[in-house]
Every structure is written in C-alpha cells, then in structure tokens.
Amino acid sequence: MASSAPALVTDPRSIFAEEVRRDLALSPRQIQSKYLYDALGSSLFETICRLPWYKITRAERELLERRAREIVAALPGRIAFVELGGGNGEKLGILLEEFVRRGRRARRANVHLIDISEAALEQSEQRLSRWEHVSVVGHRATYEEGLREAARRRPEGERWLVLFLGSNIGNFDPPAAQDFLRQIRAALQPGDFLLLGADLVKPAEELALAYDDPLGVTAAFNLNLLVRMNAELGADFDLEGWEHRAIWNAEASRVEMRLVSRRPQTVRIPGADIEVRFRTGEWIWTESSYKFEALGACRMGEASGFRTLTQWIEPEARFALTLFEVTEPER
C-alpha cells in the first residue's frame, strides 16, 4: 500500500525565486541542479536514461540485477528501504522483488521515498505499491528534511538500507558530497546500511556523448530550466537566445552543464524581482557531474563514518555500486 507524507517543502515557488535571485548574482552565474526536475524535466531525464550514449542507468540496473541476491542476503529481516531521489522507482524495485522472493519478512518492510519532484514520487509510489505487504510512504522534501521525517516514523528495532543511486552524489562538489554523506550517517544507527552508486572516470569522448547527445534530449532537458523560470517566475527567457553546452573539466573530474547566451540580452524575472544582463558567450552553470575513482568512492564513505562492506564495478560502462554499513554509534 502507499501513502504520502505531508509535503515538507514550504512555499517551493518562493524558495525557487529566492535561490534564483541569489545564484544568478554569483560569478559564474548558476542555478541549482535540483530545479532541472520539474514534471517535464523529470520526463526528459527518464528519456535521457534510455539513450544509448548515457550508460549510467543501464549499468547500475544491471549491477543491481546481478547482485540483488548478495545485497538482500546482507540485510537483517526487519528492514526499511529509504531511497533518496529515486526517479521512477525501477532500481529499488529490483531489490524489493528479491526481498519478497526470499520471504524476508516482507510484512515488516517499509519503504520511504524522498524527493522534491512530485512527479517522480508519484511514479515511484505507483511502481512500488504492487507488493501487498510493503508499505510505501512518499516524502516530498529535500533529502535532509525527508531523512528527519522518516526517522521520526522509525519503529524500534527496524534497520535501514539507504539508497543513493544514479551517481547523484556526483551533483555535489567534493566538500558538499562529504558533508551530505555525514548527514546521512548522522540519521543512521549501528546495523544500518548505505548503497551508493558512483559513475567512474572514463574517456572524454564518451562523456561528451552522454551529456550532449546527438538527438538533443539533454539539451532540451537543460533548456527546460529556462521554460520553468518563464512559467513559474514570469521570466522572459527567449530559448532561441540560448544553447546547451557540456564541458569536461579534467582537472576537477567533472562534467559541467551550461546554458550559454548566444547574444547580448537582458532577461527580466519578475517573480525573483531581478533583471539580469548577459553578454555573448556568458553562461549559467546548471549542473556538475563529478566522476570518481572506485577506491575514492570507498574512501569518501569511510571518511563519513561508514565501513565499506563490498563494492561491485561494471567494467565496460565504468560504474560502481558500494555497500557500506554502520558498525559504531555516531561520535
């Protein structure tokens, strides 16, 4: 069965406006990547995940399918699955299928889905609610708010498996990624687990195709951010005046997605009470996708208070799943 917790994000449009006003005043100008995922953006991203050049989703799904038995075997009987930003719920569904198949006290299995995208939550809840004895709760909230809310509902003696997949950890810069893993660790107890998906460093040519595909789907996904600001904040972005660009920054080990101004222009955003002038070639930084070394992913978790239990790597697509556990109380 499924239920939705009350939305914890208060007045999301006001928060959007405030953050757009703040971040477009930075140098370089930027907008947080979470705002790429409105209903249309989420649908476009689901399409990106099916493109032949974007291998992350398929590689991670194949790893989960091959390793589901090992992952579930490591879990205690009374377990809750807590997924952060899980998209359509397909990957969590692979583990739930194995969990139920093994008869692992499925009646005691709770699922918490945490996402700021209402559309993604609806998709996930619908997909995962087909198991009669699995209780699904959606939290429309930031990851931090959602973890706190799920923790308040946590029964005594229940263990958690937190899933942070899709290499979403790569959307944080390194200090923020470390801080976020520490926040996850702070929400957990000894006997809990974290399953982390991380995309690994690969040739620049492969990354260029993954983030600037020949069909232009990724470009539409990026440009939709301007469409969203027009719709929600009354902005007057002219899409013809902008182009999508993906840059591989080898020194920082990240792909940078940008929206580049094709001409001098002034954009008015009444909802954020700002007017912004752009020069030709000036850009808005919309997303970073950091790429990792396999050992680096382990060290990142260990520096946040986890112990590495095991790691699996898909060698062709260069993707890693790492299972961490909590062995000691938080200090």
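A few points on the structure. (Residues numbered from 1 in each chain as written. Predicted model: local features only at pLDDT ≥ 70, side-chain atom pairs only at ≥ 80, totals over all residues. Heavy atoms only, no water.)

**Details of the nonpolar core**
Ranked by internal contacts, the top residues of the largest apolar core, which has 68 residues, are Phe81, Leu161, Leu195, Met229 and Ile269. The residues touching Ile269, leaving out its near neighbours within four places in the chain, are Val20, Leu24, Leu233, Ala235, Phe237 and Ile274. Core analysis: the next-biggest nonpolar cluster, separate from the first, contains 28 residues, Val162, Tyr290, Ala320 and Phe324 among them. (Core = buried A, V, L, I, M, F, W, Y, C linked by side-chain atoms within 4.5 Å. Buried < 20%, exposed > 50% of the residue type's maximum accessible area, 1.4 Å probe, protein only. Contact = heavy atoms within 4.5 Å.)

**Brief notes about the pattern of salt bridges**
Within the structure shown, the criterion is met by 24 salt bridges. The partner of Glu256 in a salt bridge is Arg254, and the shortest N-O contact between them spans 2.8 Å. Taken individually, Glu256 and Arg254 each receive the classification buried, so the pair is uniform in this respect. Where Glu282 meets Arg279, a salt bridge forms, and the shortest distance between an N and an O atom there is 3.8 Å. Given the relative accessible area of 58%, Arg279 is considered exposed. (Salt bridge = Lys/Arg side-chain N within 4 Å of Asp/Glu carboxyl O.)

**Comments concerning the packing of aromatic side chains**
This structure, assessed with the given rule, holds 16 aromatic pairs. Taken together, a centroid distance of 6.1 Å and an interplanar angle of 80 degrees make the contact between Phe45 and Tyr54 edge-to-face. According to the relative accessible area criterion, Tyr54 is buried, its value standing at 7%. Ring geometry for Phe306 and Phe324: centres 5.8 Å apart, planes at 50 degrees, overall tilted. Highlighted residues: Phe306 in the loop between α10 (294–302) and β13 (307–314) and Phe324 in strand β14 (residues 319–325), separated in sequence by 18 residues. The class for Phe324 is buried, based on a relative accessible area of 0%. (Phe/Tyr/Trp six-rings, centres within 6.5 Å; stacked < 30°, edge-to-face > 60°. Helix = DSSP H or I, 4+ residues; strand = E, 2+ residues; numbered from the N terminus.)

**Describing the environment of Pro214**
When you line up the elements, Pro214 lands in the loop between α8 (204–211) and α9 (217–233). Judged by relative accessible area, Pro214 falls into the exposed class, the value being 57%. In this structure the C-alpha to C-alpha distance between Pro214 and Trp53, which are 161 residues apart in sequence, comes to 9.0 Å. The contact partners of Pro214, leaving out residues within four places of it in the chain, are Trp53 and Leu209.

**Details of the side chain of Glu282**
Positionally, Glu282 belongs in the loop between β11 (274–278) and β12 (283–290). In this structure the side chain of Glu282 is engaged in a polar contact, spanning 3.0 Å, whose partner is the side chain of Arg29. If we skip the residues at most four places from it in the chain, Glu282 touches Arg29, Trp242, Leu259, Val260, Ser261 and Arg277. (Polar contact = N/O pair within 3.5 Å; in protein donor to acceptor, adjacent residues only side chain to side chain.)

**A word on the side chain of Arg228**
Within the secondary structure, Arg228 is located in helix α9. Classification of Arg228 as buried rests on a relative accessible area of 14%.

**Brief notes about the packing of helix α6 (residues 143–152) against helix α7 (residues 174–187)**
One way to put it is that α6 packs onto α7 with a least axis distance of 10 Å and a crossing angle of 5 degrees. As summarised for this structure, α6 and α7 are arranged roughly parallel, according to the angle between their axes. Together, Tyr143, Glu144 and Leu147 of α6 and Phe180, Gln183, Ile184 and Ala187 of α7 make up the contact between the two elements. When grouped by side-chain class, the residues that make up the contact of α6 with α7 number five nonpolar, one polar and one charged. (Axes fitted to C-alpha atoms, helices over the stretch in contact; angles between N-to-C directions. Parallel < 35°, antiparallel > 145°, perpendicular 65-115°, else oblique. Nonpolar A, V, L, I, M, F, W, Y, C, P; charged D, E, K, R; others polar.)

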